[in-house]
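Chain by chain, the residues run as shown.
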Amino acid sequence: MVGDLGVDTRTRSSVITARAAATFDPVGRSVATARSFVRDTLQGWGFTDIVDDAVVLTSELVTNAVVHAGTAADVLCLRSDDAVRIEVSDHYPEREIPLQQSAANMGSPDREGGRGLQLCAALATRWGVDYTPTHKQVWFQLDLPDRPVGTRAAGPALPSELLPLTDGRVRVAVVQIDRVGAISAWNEDAEELFGYVAEQVTGKPLTDFAAWPHTPGTSTGIVEALQLSRWEGSYGIRGSDGRVTPVYASHLRVRDTDGEPSTVCLLVRDDERAVLQTPLRGPAPEPGTLTEPHAADPFEVFIGSPAPDDLDGLLQRTVERARDMLDGDAAFLLLATDDETELEVRASTGLPSARQRFARVPVEAGPGRYGSARMPAVHEDLTVVPGAVPLLSGTGMRSVVTVPLKVEGRLTGSLGVAAESPDRYSNEEALRLQFAADRIALAVESARLGELERLRRGSLSFLVEASDLLAGTLDRDQTLALMAQMTVPTLATWCAVYTIADQSSEPYLSYVLHEDEERIDGLKALLSKIAPPDPVPTPGARVWAAPSEAAHQAALRTSMRSLGLGEPLSLASGIGTTLSTASAVGGETVVLPLVARNRVIGMLTLGKPSDEHFRQEILELAEDLSRRAALALDNARLYSERMAISQSLQRSLLPPGLPQVPGVEVEVIYRAAGEGNEVGGDFYDLFPIRDGAYGFAIGDVCGTGPEAAAVTGLARHALRLLAREGFGGPAVLERLNAAILDEGARSRFLTLLYGELWPQEDGSAVLKVVCAGHPLPLRLRQDGTVEPYAEPQPLLGVMDDLELYEQTMTLDPGDVLLCVTDGVTERREGTRMLGDDGLADVLTTCTGLTAGAVAARIMRAVERFATDAPSDDMAILAMRVPGLHKD
């Protein structure tokens, strides 16, 4: 919201010639925006000498209002002939400000409170504090320094012989031209140079005497040159003898005391142009070299030399020169979007540029001669046609002239100058402004295309990096976080990602991010209370007004409750939080669909703070990013679903739990090779067969992964079924061998150690074991000796006819039986392998340990043996008979 504030005229006597006002929301970023507003305003007025002091003071006073007082801040800049006054108002009159204290008593400079007043006392010419029933105002005034007469431009020191030649007396003709182009003054030097006395030329148009153009290639006409605020160049004057005298002229547009415009022309002979010509800003010529006469470039005449090499600088200088040329209070320049249906604000002066920058307006605004940006237009009074120029709504501007920028007949932009008083501009000013616009249109378009090329290159780099990051993860939550972090703050101030599980599900708010972390919770709460955007599959960004409307409604309700006009304000909420949330989402909000495999899987929502808009290039870049992000998010979803299915199936292959075996300690450690695998080719099992008897097994299927896991499931379930049917060890393994061979091409060979265990009353345990091609079990006695505890027999899944036998043995109290798969014994580090001997050496150190401690020590030894991750599955089964009394 922009508006005029009350001004105490008692503190100043100068007449106010211009004003600029803006309101800033109670958020931390408003301080920087206020600094930019004051800097832009004063630079636009040409008061660069006091910009730094004004910005420092404004920054402190706005900080006091929006940060410490927690209210909006109104900033008003007033221009007079000899000073600038800036007023900062907040809406918190209860807060005390010392009015009568000296600067020495205002507190330490390190304190947050009072520092702005100390700076006012130190830097400002005058300052003060005013209270009204609705707000508190701190103002300061900075007097404009006297501008001393000095050197405007200087050239290098030259030897005397290189100085330009003149006659004995240099004559400078001074000719004054009135607003209709007629000569109103003619001095004596003009009489000497051209042979006419003043009475002969007064009242006659200068065009009757000017030979235009004298310099070939000059496209500016004499009438246009006389209307420009400043011009330098060459032409000729036809003298009384009929001969043309080449002259170099410097024109300056002025106003007399009655406000009537006129042009003062200073003319010298062309070979004496050095007297008037502004030195070129460039490298000095080499000594001894001669330069040809230089014709004025119409573009440089308007924009100045050297021209800025960046688009923003060129546009800013353009609006400043346009404003000065028409003596306006504000000026603005808009560039057309690629489809030429909208114009985007790219530069302004005298307006709150931070609020208006990148705002877009349609090219065809409405009916009538003011309705199209493709033609020049003059508005004598904007109050008669409300909304005719939306950009100027609420700025106090009354009259405006706008002209198009065209290149080869194509609309590329619009240039406008506005004034606070009505009826300031006519068709004459429109023609002058159009003349200037035609001169700079090509340069602006060239700079715009250069900027677009740089933006495209930056966009490509951004998209390449984004694609790499998104392709580097298959985790859904991490993908959501990456999507948000890539857009904030590069593309938007805040971002929200909605996901859709399936076509029958409603959009779900999955992730919220704001560039200010303190705003995330409030933003998430706000978005959770409003309906999500519709999942429309149409590509491109579409505006979503719900967040901004909801935020402002919440802020309004909070403010009314604080004033006692509504429900009591709860302790859990506060004005500051609600207002800051409203400011955070108060700008433009757009929604981009996340479409993958012809299905809308979510929406990417991007937002700006109050009164800010998205550039078209940013929206196009966001659309490209949304397509990549959608595919990455869908890939993550598919991967998560498949991983969940895989892990569920794998867990079904593991034993549900190990039974408690009376008198025997049992411990199992299992590690499956490969990321995401819970079960591989190695397996184990321990299960009750009948009363007092338990079956145990440890095996290794050839290979790893799902194929090996399939044989694992077959083996484990077949062992349990056959053992409980009363078959002995050899019969169980022979039938399992036949089942594996029946798998045909899917069959894999299998090494298996299978046994049956009977705990005894004396504390020992009897075992019957069949070792079919598996690493032999090792027995650890209490005296530390280690020995194999079975004999090797053929593995399963290779031959049809197997003749297997079982071996019976007894584990005495204190003995440990260790069974492992070959992933343990074949652990490698370079050319070294742990092997059976290495495993036996580790086992000898486990005397007196429990079964759990034995298994853990073996696994630590295996892991430390090599630094690389295991490439094979590993299983360790340790059984210990503690006896009747534990050790």
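Structure: above.
Cut-offs applied
- Residues numbered from 1 in each chain as written.
- Predicted model: local features only at pLDDT ≥ 70, side-chain atom pairs only at ≥ 80, totals over all residues.
- Heavy atoms only, no water.
- Helix = DSSP H or I, 4+ residues; strand = E, 2+ residues; numbered from the N terminus.
- Buried < 20%, exposed > 50% of the residue type's maximum accessible area, 1.4 Å probe, protein only.
- Contact = heavy atoms within 4.5 Å.
- Areas by Shrake-Rupley, 256 points an atom, 1.4 Å probe, with all protein chains shown as cover.
- Core = buried A, V, L, I, M, F, W, Y, C linked by side-chain atoms within 4.5 Å.
- Axes fitted to C-alpha atoms, helices over the stretch in contact; angles between N-to-C directions.
- Parallel < 35°, antiparallel > 145°, perpendicular 65-115°, else oblique.
- Left-handed = near helix turned anticlockwise from the far one by under 90°.
- Pairing = 2+ DSSP bridges.
- Phe/Tyr/Trp six-rings, centres within 6.5 Å; stacked < 30°, edge-to-face > 60°.
- Lys NZ or Arg CZ within 6 Å of the ring centre and 35° of its normal.

### Some words on the overall build of the protein chain
Secondary structure assignment for the protein chain yields 20 helices and 34 strands. In the protein chain, buried positions account for 48% of the 887 residues. Here the analysis covers contacts within the protein chain between residues at least 6 apart in sequence; of these, 62% occur between residues at least 24 apart. Only carbon and sulfur atoms are counted for the fraction: they give 51% of the accessible area of the protein chain, which is about 42,500 Å².

### What about unusual backbone geometry?
A cis amide bond links valine 488 with the next residue in sequence, proline 489, at an omega value of 0 degrees. A positive phi is found at arginine 597, a non-glycine position, where the angle reads about 55 degrees. Mapped onto the elements, arginine 597 comes out in the loop between strand E21 (589-596) and strand E22 (599-607).

### Re the nonpolar core
Judged by nonpolar contacts, the single largest core of 54 residues is most densely connected at Trp186, Phe194, Tyr235, Ile237, Leu267, Leu415 and Leu433. For this core, the leading source of residues is helix H10 (residues 427-471), giving nine residues. The residues contacting isoleucine 237, other than those within four sequence positions of it, are Phe194, Leu206, Phe209, Ala210, Arg243, Val244, Thr245, Val247 and Leu267. Counting 49 residues, the second-largest nonpolar core is a separate cluster that includes Leu592, Met603, Leu604 and Ala629.

### Examining the packing of helix H1 (residues 29-45) against helix H2 (residues 51-68)
One can describe the packing of H1 onto H2 by two numbers: an axis separation of 9 Å at closest approach and a directional angle of 150 degrees. On the basis of their axis angle, the class for H1 and H2 is roughly antiparallel. Considering only the axes of H1 and H2, their crossing is right-handed. Facing H1, whose interface residues are Ser30, Val31, Ala34, Arg35, Val38, Arg39, Leu42 and Gln43, H2 presents Val51, Asp52, Ala54, Val55, Thr58, Ser59, Val62, Thr63, Val66 and Val67.

### Remarks on the sheet that holds strand E2 (residues 73-79)
If you trace the five strands from one edge of the open sheet to the other, you get E1-E2-E3-E5-E4, paired in antiparallel fashion. The open sheet has two edge strands with one neighbour each: strand E1 (18-24) and strand E4 (126-131). The sheet shows a mean angle of 15 degrees between the axes of neighbouring strands, direction not considered. Where E4 lies against strand E5 (residues 136-143), six bridges are found, and the strand directions are antiparallel. Residue pairing across strands places tryptophan 127 opposite phenylalanine 140, the latter belonging to E5. Strand contacts of H1: E1, E2 and strand E3 (83-90), with the helix running at about 170 degrees to E1, the strand carrying the most contacts. Helix-sheet contacts for H2 involve E1, E2, E3 and E5, and the interaxial angle to E5 is about 175 degrees.

### Overview of the sheet that holds strand E6 (residues 173-177)
Spatial ordering of the open sheet is given by E7-E6-E11-E10-E9-E8, a layout of six strands whose pairing is antiparallel. This sheet does not close on itself; its edge strands, each paired only once, are strand E7 (183-186) and strand E8 (210-211). Sheet topology places strand E9 (residues 230-238) next to strand E10 (residues 244-255); nine bridges connect them, and they run antiparallel. Paired with serine 234 across the two strands is tyrosine 248, which belongs to E10.

### Description of the packing of aromatic side chains
We describe a pair of aromatic rings using the distance from one ring centre to the other and the angle between the two ring planes. Applying the stated criterion across every chain yields a total of six aromatic pairs. With 5.9 Å between their ring centres and 55 degrees between their planes, tryptophan 186 and phenylalanine 194 make a pair best called tilted. Exposure class is identical for tryptophan 186 and phenylalanine 194. Each is buried. Following the ring pairs from residue to residue traces out a cluster consisting of Trp186, Phe194, Tyr196 and Phe209. Above the ring of phenylalanine 865, the side-chain terminus of arginine 832 is found at 4.4 Å from the ring centroid.

### Topic: helix H19 (residues 835-843)
Residues spaced three or four apart along an α-helix face the same direction, because each turn holds 3.6 residues. Of all the positions in H19, only Gly835, Gly838, Leu839, Ala840, Val842 and Leu843 are classed as buried. Buried positions along H19 lie against strand E28 (778-780), strand E29 (786-788), strand E31 (816-820), helix H18 (822-825), strand E33 (832-833) and helix H20 (851-865).

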